[in-house]
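Spelled out from the first residue to the last, the chains are:
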Amino acid sequence: MAMDNLNPHGHDRMVAATEEARRRSAAARLFDIRRVIGGLFTAYGVVVTLVGVFDGAAAMEKAEGVRINLWAGLGMLVFGVLMLLWQWRNPAEPPESPEEKRPS
């Protein structure tokens, strides 16, 4: 190992930079708004779909024969899953650290 990569405390700068980049990347993915929206819509979609499946005659009459809870729940479920797929297919990129920003 080259001595020029070590900081005054004897730690490798390249390892520290890699660990910092990994931590920033994980934080960017964790707080991605698509994950939050997708998770909430998926959870609520499951609940509303189940309510729609078990709607009674009074709810059907109130909605003029349409299983509105079922259709709304399925729509929410599809939207939530699409948001989660989008987040999975195109993960968020972490912002650049001040050390990575260099004037051109």
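This is a predicted model, so every value here is computed, not measured.

Caption draft 1: Geometry of helix α2 (residues 33–53). In this model α2 runs 30 Å from its N-terminal to its C-terminal C-alpha over 21 residues, within 8% of the 30 Å that 1.5 Å per residue would give. Each element contacted by the buried residues of α2 is listed here: α4 (68–89).

Caption draft 2: Fine view of the pattern of salt bridges. Evaluation of the coordinates by the stated rule reveals 1 salt bridge. With a shortest N-O distance of 2.7 Å, Asp 32 and Arg 34 are connected by a salt bridge.

Caption draft 3: Structural detail: the side chain of Thr 49. Here Thr 49 is to be found in helix α2. Taking the relative accessible area as the measure of exposure, Thr 49 reaches 12% and is therefore buried. For Thr 49, the side chain forms a polar contact with the main-chain oxygen of Gly 73, separated by 3.3 Å. With near-sequence residues (within four places) excluded, Thr 49 lies in contact with Asn 69, Leu 70, Gly 73 and Leu 74.

Caption draft 4: How the structure looks around the packing of α2 against α4. As a packed pair, α2 and α4 sit with axes 7 Å apart at the nearest point and diverge in direction by 155°. Relative to α4, the element α2 lies roughly antiparallel. By crossing handedness, the relation of α2 to α4 is classed as left-handed. A breakdown of the residues in the contact of α2 with α4 according to their chemical character gives 17 nonpolar, 10 polar and 2 charged.

Caption draft 5: Here's a closer look at the side chain of Asp 32. Turning to its location among the elements, Asp 32 is positioned in the loop between α1 (13–30) and α2. A distance of 2.7 Å separates the side chain of Asp 32 from the side chain of Arg 34, its partner in a polar contact. When neighbours within four sequence positions are excluded, Asp 32 is seen to be in contact with Gln 87 and Ala 92.

Caption draft 6: Structural context of the environment of Gly 39. With respect to the secondary-structure elements, Gly 39 resides in helix α2. Owing to a relative accessible area of 32%, Gly 39 belongs among the partly exposed residues under this scheme.

Caption draft 7: Structural detail: the packing of aromatic side chains. Taken as a whole and assessed by the stated rule, the structure comprises 1 aromatic pair. Stacked on the ring of Trp 86, the Lys or Arg Arg 34 has its end atom at 4.8 Å from the ring centre.

Caption draft 8: Examining unusual backbone geometry more closely. Despite not being glycine, Glu 64 shows a phi value in the positive range, around 55°. Residue class for Glu 64 comes out exposed when judged on its relative accessible area of 74%.

Parameters and conventions
- Residues numbered from 1 in each chain as written.
- Predicted model: local features only at pLDDT ≥ 70, side-chain atom pairs only at ≥ 80, totals over all residues.
- Heavy atoms only, no water.
- Helix = DSSP H or I, 4+ residues; strand = E, 2+ residues; numbered from the N terminus.
- Expected span 1.5 Å × (residues − 1).
- Contact = heavy atoms within 4.5 Å.
- Salt bridge = Lys/Arg side-chain N within 4 Å of Asp/Glu carboxyl O.
- Buried < 20%, exposed > 50% of the residue type's maximum accessible area, 1.4 Å probe, protein only.
- Polar contact = N/O pair within 3.5 Å; in protein donor to acceptor, adjacent residues only side chain to side chain.
- Axes fitted to C-alpha atoms, helices over the stretch in contact; angles between N-to-C directions.
- Parallel < 35°, antiparallel > 145°, perpendicular 65-115°, else oblique.
- Left-handed = near helix turned anticlockwise from the far one by under 90°.
- Nonpolar A, V, L, I, M, F, W, Y, C, P; charged D, E, K, R; others polar.
- Phe/Tyr/Trp six-rings, centres within 6.5 Å; stacked < 30°, edge-to-face > 60°.
- Lys NZ or Arg CZ within 6 Å of the ring centre and 35° of its normal.

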